Amino acid sequence: MLRSHLRPLTLLLCFLFSVAVSIGVLPLPTAIIVNTPIVLAQTSTQQQGRQLYETGQFAKAITVWEQASQALAAQGDRLNQASVLSNLALAYQQLNDWERAETTITQSLDLLQTIDPGTSPQVAALFAQVWNTQGNLALLRSQPAQALAAFETATDYYKHSGYIQGEYHSRLNQVRSLQAL
């Protein structure tokens, strides 16, 4: 309910950001959407996937993360599995495999529905990152309205987590979505 009251304020802030960017008062970085893989549990497999991703070896990262996802599913670790699936979606995006990216981020969001985001700030930040990945995918697929909704959700979770930089980037992503609309 509170979110519905904040939507006009969010839209106003996004509009003001957009105006400030368009008149040159506020520079807008060219790459706002952060595509950094999340690793909650520092297992060697997940870390290996992250290193492969960061060095541009996306296909190898996918193989490693698929194995990690299966292992986490077998262990019943939904939180880390959601994290790995979000990372997989990022890697699929890098390879322009939109269908797999969409399927994988949907699986991640489905897993998050079974978890309480208020457990800790780290969990809320994971929720935010997954929604940010969803927004990024929607924006890349020319679905700015869906991207805006995802980035608004990410902003809410970033607020809850206390991660101010994430909240700032998420608001800027909202501006990009509004510009695309």
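See the structure above.
Along each chain, residue indices are assigned from 1 in the same order as the chain's sequence is written. In keeping with the predicted nature of the model, local features appear solely for residues at pLDDT of at least 70, side-chain atom pairs appear and are counted solely at 80 or more, and the whole-chain, interface and lining totals rest on all residues. Calculation of side-chain values draws on the structure's entire complement of heavy atoms; hydrogens and water are dropped beforehand.

Colleague: Hey, could you go over the overall build of the chain for me, with residue numbers and the actual values?
Modeller: Working definition: helices are DSSP H or I runs of at least four residues, strands are E runs of at least two. Numbering for both runs from the N terminus. On a plain count of helices and strands, the chain comes out with 8 helices and 0 strands. Starting at the N terminus and ending at the C terminus, the chain contains elements arranged as α-α-α-α-α-α-α-α. Counting across all 181 residues of the chain, residues that qualify as buried make up 44%. Two residues qualify as a contact provided that any one of their heavy atoms is within 4.5 Å of a heavy atom in the partner residue. Across the chain, the fraction of contacts at a sequence separation of at least 24, relative to all contacts at a separation of at least 6, is 60%. Every accessible area reported is derived by Shrake-Rupley at a probe size of 1.4 Å, with residue values counting cover from the shown protein chains alone. Carbon together with sulfur atoms contributes 56% to the accessible area of the chain, which is approximately 9,200 Å² in total. Each residue's exposure class comes from its accessible area (1.4 Å probe, protein chains only) as a fraction of the maximum for that residue type: buried when under 20%, exposed when over 50%, partly exposed otherwise.

Colleague: Explain the pattern of salt bridges residue by residue, including any values.
Modeller: Here, a salt bridge means any Lys or Arg side-chain nitrogen found within 4 Å of an Asp or Glu carboxyl oxygen. Throughout the structure, instances matching the rule amount to 4 salt bridges. For Arg50, the salt bridge identified is with Glu54, shortest N-O distance 2.9 Å. With Arg50 and Glu54 both in helix H2 (residues 44-54) and 4 residues apart, this pair spans about one turn of that helix.

Colleague: Mind laying out helix H7 (residues 144-161), listing which residues take part and the relevant values?
Modeller: The end-to-end C-alpha distance of H7, which contains 18 residues, comes to 25 Å, matching closely the 26 Å that a straight helix rising 1.5 Å per residue would cover. Those residues of H7 not exposed but buried are Pro144, Ala147, Leu148, Ala150, Phe151, Glu152, Thr153, Ala154, Thr155, Tyr158 and Ser161. Backbone geometry just downstream of H7 places Gly162 in the positive-phi region, at approximately 85°. Multiply 1.5 Å by the residue count of a helix minus one, and that product is the helix's expected span.

Colleague: Could you give an account of the nonpolar core, with specific residues and numbers?
Modeller: Definition used in this section: a nonpolar core is a set of buried Ala, Val, Leu, Ile, Met, Phe, Trp, Tyr and Cys residues joined via side-chain atoms within 4.5 Å. Grouped together as the largest cluster of nonpolar side chains are 28 residues, with contacts concentrated most on Tyr53, Trp65, Leu88, Leu112 and Val130. Elements represented by at least two residues in this core include exactly H2, helix H3 (58-75), helix H4 (78-94), helix H5 (98-112) and helix H6 (121-140). Broken down by element, this core gets its largest block of residues, 8 residues, from H4. Not counting residues up to four positions away in its chain, the partners in contact with Leu88 are Ile62, Trp65, Glu66 and Thr104.

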